[in-house]
Amino acid sequence: MGYKTVIIDDEQYARQELKHYLEKFECIDIIAECRNAVEGVKAVNQHKPDVIFLDIQMPGLSGFDMLSMIEESVIPLVVFVTAYDEYALKAFEENTLDYLLKPIEQSRLEQTIRRIEENIEQENRPSYDIKPLKKIPCSLNNVVKLIDVDDIEFIVSDLSGVHVVTNNNNLLSDLTLKVMEERTDLFRCHRQYMVNLDSIKEIRLLDNGAAEIITNKGENVPVSRRSLRNLKQLIGMR
């Protein structure tokens, strides 16, 4: 079996061309093709690939945006693909493994494959400069919406998925609570819940040492005993 590989590019022709070139290498096993960053996040979380070939300039969410939506522990080796030299230079600034300029040249791709092999054999992982999340991609009626983090009241994870609750909607997201805890200012108040501190209307202390948040929308959000201490410090409560 070769290295599990995912291609992420919004242009079908570009995906087909890159796939055609990559299929010539026995060490590469293409397990998924994605049309955008949201599909890319799903594929990475589901397949845990060894390497992704990631288009930088995609509508809505860029390749850099996509990396900020993946848990650091599962980010694969990243080869950025771009038609723009300025983005290629930025890719190097991001300490990525390598980059490819469109149209792709076979000889240049061979160099990239050698780098992939060397890094995987030596168990090297480049250090990525991951930016904070400003927007959370969510699904509503088969439409992907980008929700500003500031507009979120709270987030809850249950058996049906990760729900992002705003003043107007309850939407599903493919991002994990761990990613949103690491990359946003939302507060992890419970194993299954995160809350926007600006959306807290009141806090009710419970007899068991835990608490309950009432949001501006009137929703009840639990606060674990462990998290209550941190919450009191954040809001200046004794």
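Sequence order as written defines residue numbering, which begins from 1 separately in each chain. Side-chain atom pairs in this predicted model are given and counted only at pLDDT of 80 or more, local residue features only at pLDDT of at least 70, and totals for whole chains, interfaces and linings cover all residues. Hydrogens are left out, water is left out, and the side-chain values use all remaining heavy atoms of the structure.

### Focus on the pairing of strand S8 (residues 152-158)
Alright, step 1. Across the seven residues of S8, five count as buried, placing the element largely inside the fold.
Alright, step 2. Two strands pair when backbone bridges link them, and S8 and strand S9 (residues 161-166) are joined in this way by six bridges, in the antiparallel orientation. Counted as the bridge partner of Ile155 is Val164 from S9.
Alright, step 3. In this antiparallel pair of consecutive strands, S8 and S9, the connection spans two residues.
Alright, step 4. Sheet topology places S8 next to strand S12 (residues 193-195); three bridges connect them, and they run antiparallel. Following the sheet pairing, Val156 is matched in S12 by Tyr193. Summary of the burial criterion: residues with accessible area below 20% of their type's maximum are buried, those above 50% are exposed, and those between are partly exposed, where the area comes from a 1.4 Å probe applied to protein chains only. Numbering of helices and strands runs from the N terminus, with a helix taken as a DSSP run of H or I at least four residues long and a strand as a DSSP run of E at least two residues long. The rule for pairing is simple: two strands pair if DSSP sees at least two bridges between them.

### Overview of the pattern of salt bridges
Alright, step 1. Within this document, salt bridges are pairs made up of a side-chain nitrogen of Lys or Arg and a carboxyl oxygen of Asp or Glu, the two lying within 4 Å of each other. Going through the model one piece at a time under the given rule, you end up with 13 salt bridges.
Alright, step 2. Here Asp148 and Lys135 are joined by a salt bridge, their closest N and O atoms 2.4 Å apart. Here Asp148 is found in strand S7 (residues 143-148), whereas its partner Lys135 is found in strand S6 (residues 135-140), with 13 residues between them in sequence.
Alright, step 3. On the basis of relative accessible area, Asp148 is assigned to the partly exposed category, the value being 30%.
Alright, step 4. Close ionic contact of Glu202 with Arg204 constitutes a salt bridge, the shortest N to O distance being 2.9 Å.
Alright, step 5. Using a relative accessible area of 41% as the deciding quantity, one classes Arg204 as partly exposed.
Alright, step 6. What emerges from the salt-bridge pattern is a single network uniting Asp9, Asp55 and Lys102.

### What about the sheet that holds strand S15 (residues 220-223)?
By definition, the strands of a sheet pair up through backbone hydrogen bonds, in either a parallel or an antiparallel sense.
Alright, step 1. Sheet architecture is open: three strands sit in the order S13-S14-S15, paired in antiparallel fashion. A single partner strand is all that each edge strand has here, and the edge strands are strand S13 (200-205) and S15. Adjacent strand axes in the sheet meet at a mean angle of 25°, parallel and antiparallel pairs treated alike.
Alright, step 2. Pairing of strand S14 (residues 211-215) with S15 involves four bridges; the strand directions are antiparallel. Bridging from a neighbouring strand, Ala211 pairs with Val223 of S15. Axis lines are fitted through C-alpha atoms, for helices just across the contact stretch, and the angle between N-to-C directions can take any value from 0 to 180 degrees.

Keep in mind that these numbers describe shape and distance, not what the molecule does.
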